[in-house]
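What the coordinates show
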Amino acid sequence: MTAPMTLAISGMTCASCVGRVERALQAVPGVAQAAVNLATERAEVRAAPGVTLAALVEAVDSAGFEAAPLLDRAPPEDLSAKRRAEAADLRRDAVRAAILSVPVIVLGMGAHVIPAFHHWLMATLGLGWNAALQGALTLLVMLGPGRRIYRIGFTTLRHAAPDMNALVAVGTLAAFGFSALVALAPGLIPEAAAHLYFEAAATIITLVLVGRSLEARAKGRASDAIAKLVGLTPKTARVRTASGVEERPVASLALGAQIEVRPGERVPVDGIVREGTSLIDESMLTGEPLPVAKHLGDRITGGTVNQSGALVIEAVAVGADTVLAQIVRSVEAAQGGKLPIQALADQVARWFVPAILTIALLTFAGTLALGGGLTAALVNAVAVLIVACPCALGLATPAAIMVGIGRGAQLGLLVRRGEALQQMTDTKLVAFDKTGTLTQGKPVLTDLILQPGFRRDQILAAAAAVEAQSEHPLARAIVVAADGLTLPPVAGVTAHPGRGVVGLVAGATVLLGTEAFLVAEGIDPSPLSGEAANLSAAGKGVLFIAHGGQLAGLVAVADPIKPGAAAALAALKADGLALAMITGDREATARAIAAELGIDTVIAGVLPTGKTAALQRLRADHGPVIFVGDGINDAPALAEADVGLALGTGTDIAIDSADLVLMGGALAGVPVALRLARATLRTIRQNLFWAFAYNVALIPLAALGYLSPMLAAGAMAGSSLFVLGNALRLRRFSA
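Residues numbered from 1 in each chain as written. Predicted model: local features only at pLDDT ≥ 70, side-chain atom pairs only at ≥ 80, totals over all residues. Heavy atoms only, no water.

Brief notes about the overall build of the chain
Each helix and strand counted, the chain has 26 helices and 26 strands in total. Counting all 735 residues of the chain, 53% fall into the buried class. Put simply, of all contacts in the chain between residues at least 6 apart along the chain, 68% involve residues at least 24 apart. Accessible surface computed for the chain: about 30,600 Å², of which carbon and sulfur atoms make up 61%. (Helix = DSSP H or I, 4+ residues; strand = E, 2+ residues; numbered from the N terminus. Buried < 20%, exposed > 50% of the residue type's maximum accessible area, 1.4 Å probe, protein only. Contact = heavy atoms within 4.5 Å. Areas by Shrake-Rupley, 256 points an atom, 1.4 Å probe, with all protein chains shown as cover.)

What to know about the UniProt feature "transmembrane region" (unreviewed entry) in the chain
As annotated by UniProt and renumbered to match this structure, "transmembrane region" (unreviewed entry) occupies residues 94-114, 120-143, 164-186, 192-211, 351-371, 377-406, 688-707 and 713-730. Within residues 351-371, the helical portion is 90% and the strand portion 0%, while the C-alpha atoms at the span's ends are 30 Å from each other. Between the C-alpha atoms that bound residues 688-707 the distance is 23 Å, and the span itself is 80% helix and 0% strand. (UniProt positions renumbered as here; feature names shortened; annotations may be inferred.)

A look at helix α2 (residues 53-62)
Listing the buried residues of α2 in full gives Leu56, Val57, Ala59 and Val60. Take α2 and look down its axis: the buried residues cluster within an arc of 160 degrees, on one side only. Among the exposed residues of α2, those pointing more than 90 degrees away from its buried face are Ala54 and Glu58. Immediately downstream of α2, the backbone of glycine 64 shows phi near 100 degrees, a positive value. (Arc of directions from axis to C-beta.)

Things to note about the sheet that holds strand β19 (residues 508-513)
Reading across the sheet, the 6 strands line up as β16-β21-β20-β19-β18-β17 and stay open at both edges, with antiparallel pairing between neighbours. Of all the strands in the sheet, just β16 (444-450) and β17 (490-496) have a single pairing partner and so form its edges. In this sheet, neighbouring strand axes are inclined to one another by 20 degrees on average, regardless of whether the strands run parallel or antiparallel. Inspection of the sheet shows β17 paired to strand β18 (residues 500-505) by 5 bridges, in the antiparallel sense. Bridge assignment links alanine 491 to a residue of β18, and that residue is leucine 504. (Pairing = 2+ DSSP bridges. Axes fitted to C-alpha atoms, helices over the stretch in contact; angles between N-to-C directions.)

With respect to the nonpolar core
In globular proteins that are soluble, nonpolar side chains generally tend to be buried together. Ranked by internal contacts, the top residues of the largest apolar core, which has 47 residues, are Met424, Phe432, Val628, Leu660 and Leu667. The element contributing the most residues to this core is helix α25 (residues 669-703), with 8 residues. If sequence neighbours within four positions are ignored, methionine 424 has contacts with Ile626, Val643, Leu645, Leu660, Ala673, Leu674 and Ala677. Judged by nonpolar contacts, the second largest core, of 27 residues, contains Ile149, Val182, Val208 and Val379. (Core = buried A, V, L, I, M, F, W, Y, C linked by side-chain atoms within 4.5 Å.)

Focus: the packing of helix α20 (residues 565-574) against α25
Their axes nearest at 8 Å, the elements α20 and α25 cross at an angle of 30 degrees. Taken together, the axes of α20 and α25 are roughly parallel relative to one another. Where α20 approaches α25, its residues Ala568, Ala571 and Leu572 are matched on the opposing element by Val670, Pro671, Leu674 and Arg675. Among the residues making up the contact of α20 with α25, the classes are represented as 6 nonpolar, no polar and 1 charged. (Parallel < 35°, antiparallel > 145°, perpendicular 65-115°, else oblique. Nonpolar A, V, L, I, M, F, W, Y, C, P; charged D, E, K, R; others polar.)

With respect to the pairing of strand β7 (residues 258-261)
Of the two faces of β7, only the one carrying Ile259 and Val261 is buried; Gln258 and Glu260 on the other face are not. Where strand β5 (residues 236-241) and β7 come together, 3 bridges link them in antiparallel fashion. Note on β7: the bridge partner recorded for valine 239 is isoleucine 259.

Focus on the packing of aromatic side chains
Applying the stated rule across the entire model yields 3 aromatic pairs. Considering the side-chain rings of tryptophan 690 and phenylalanine 722, the 4.6 Å spacing of their centres and the 35 degrees angle between planes classify their relative orientation as tilted. Of the two residues, tryptophan 690 is situated in helix α25 and phenylalanine 722 in helix α26 (residues 709-728); the sequence distance between them amounts to 32 residues. (Phe/Tyr/Trp six-rings, centres within 6.5 Å; stacked < 30°, edge-to-face > 60°.)

Overview of the confidence of the model for the chain
Here the chain shows a mean pLDDT of 81. Residues at 70 or above account for 82%. Contacts for the low-pLDDT stretch residues 334-340, under 50 throughout, to residues beyond four places or in other chains number 23 contacts. (pLDDT = per-residue confidence, 0-100.)

Comments concerning the sheet that holds strand β15 (residues 429-432)
Pairing in this open sheet of 7 strands is mixed, and the strands run β14-β26-β25-β24-β15-β22-β23 from one edge to the other. Strands with a single pairing partner mark the edges of an open sheet, and in this sheet they are β14 (413-415) and β23 (601-603). Each neighbouring strand pair of the sheet contributes to a mean axis angle of 20 degrees, computed without reference to strand direction. As paired elements, strand β24 (residues 625-629) and strand β25 (residues 643-647) share 4 bridges and run parallel to each other. Pairing of valine 628 across the sheet is with leucine 645, part of β25.

The structure is reproduced here in structure tokens:
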């Protein structure tokens, strides 16, 4: 088996496109496996030796799509720009189609609705020019913006795998062809059946293009997220060489390179600390706000931020082997594995189109056989094609989704991928990130326990004075808690990394640090050891305080639970969902938060790629999973989850990887989103039932001659209006 070969695929629009490309590739002799990613528009093919890229490209081309060998990985920025260009192109086509269709609708339907307008048209344009103008404008819609629909639709028909494009192509061509016949040869059609249906063809194409435009916007989010992830890595690094320090591109770095990292800079590659000590902000990996102390020999990850000391690191992973590169691949793979909801309609189309064509031909032949004549046979066959035109079927899902998305926006819920509304209703479990999602993401002082003889203001002010020069989050929490107090003068502050800090405050020595630090300084911390153990078990960070050589007390710092989080999670449980937490934090801290919020399952101490694996295990146990997060480290999990829900107060990368975004950041929006999704799905089911029932009921009537093309078009319009009206009921949704 050769190494995987990669193709860039163009022209895919839906899940059935992915299936056709995969089937075409798998049909090539020697191909063992073909996996097509709709989000990145790439195909990964594993094949036996001797299978050429040219053979794979030819197979894809024969299936109606365009393929090209992808020898070098396209930069994420380029892929993101390509997505934006595709969305802009579709948006322009939708606007052009709408501009051309509006006059057709006014000329065609306005005359039926407003008699005075009909008389004015006949007096000014006359029947011939009215028909010619409608036909010309409709033809421009079909040959211009609508050309992409016919190209794909006819290709799927040619390969005996029709999709929604084929349904639209057949129905609109039937409407246009019959209308053109009425306009050009009115004598061939009985006067009672001689009606124009140009507006039906133009309107259907416009609605389809609007839907495609929205889909293209959603598809571009994957590459945007990936581009931002890659942007976390610096472009250059300072490398020590025999001749001194040189600035070199990160892409050119080799294993073993000695790299200098200054305070405030991002680490360029994965490495090991060879010189210096520092605090490293690893929130992009773990989501935790507290930086991690790094000493000689410690591992350090590319993309993290060096906060305090100067470091020299030795590169141990570069390029595609870094942790950040693995996160990028996780986002790509998870984004590409999601199936659009429109796949259901495409699957129906595979048998629906052949069935309609067969019924139309049988109607034509049957009418002739029964002596109805050529005109009657043609009218009945066209009536079948028009009444079967999939306007209601095509609107059933997107109309409900669009109204649901609009209502969600009014409620502070940004739906980035409409299909997620349906997928949410299948989930039985909601998994949460901890820091910044369930908690506020910033440590605060929660406890100050004092020994007899010491006052709160005295000890808090002294502790804040010593910690005022430190950038450590625990120190900042103490300083913030002392806001409003007058801090005494301090001198001789000395930091002991990983242990504590000591300073001279108003003539008294003040120490803050670990229990072991106080013992080493000759101070007995045992009177408060029990309290410290209880606070640590609750997931809080604890510092002992000594003043003037005596144990004065201790402080506890924690990341508090967000207001409203408990109520939101209780509402989810009341709706029958199980709850889980996936976090990079310590087990004790995670379980303490989980116990307070009533969370059933806790998975702690995991990195971003580990969150993806944890979601896969949860899915195996519970079925489809919703994941709620806010940080860079959550991007792979948001992409991997069946539905990723990001907080709008989180990072851009998390938001770009998610299917839904809570703009206000309040967790109360999670149960609201779930209930809106359920209401939307009910509406979709009702719409699909009506669309199918309409076809089942009216196609036989059209085939038997009881439904003229005019009535067929009216019934089709009525079906569409019902579907739209039913969808608009979602505007009244309230949680």
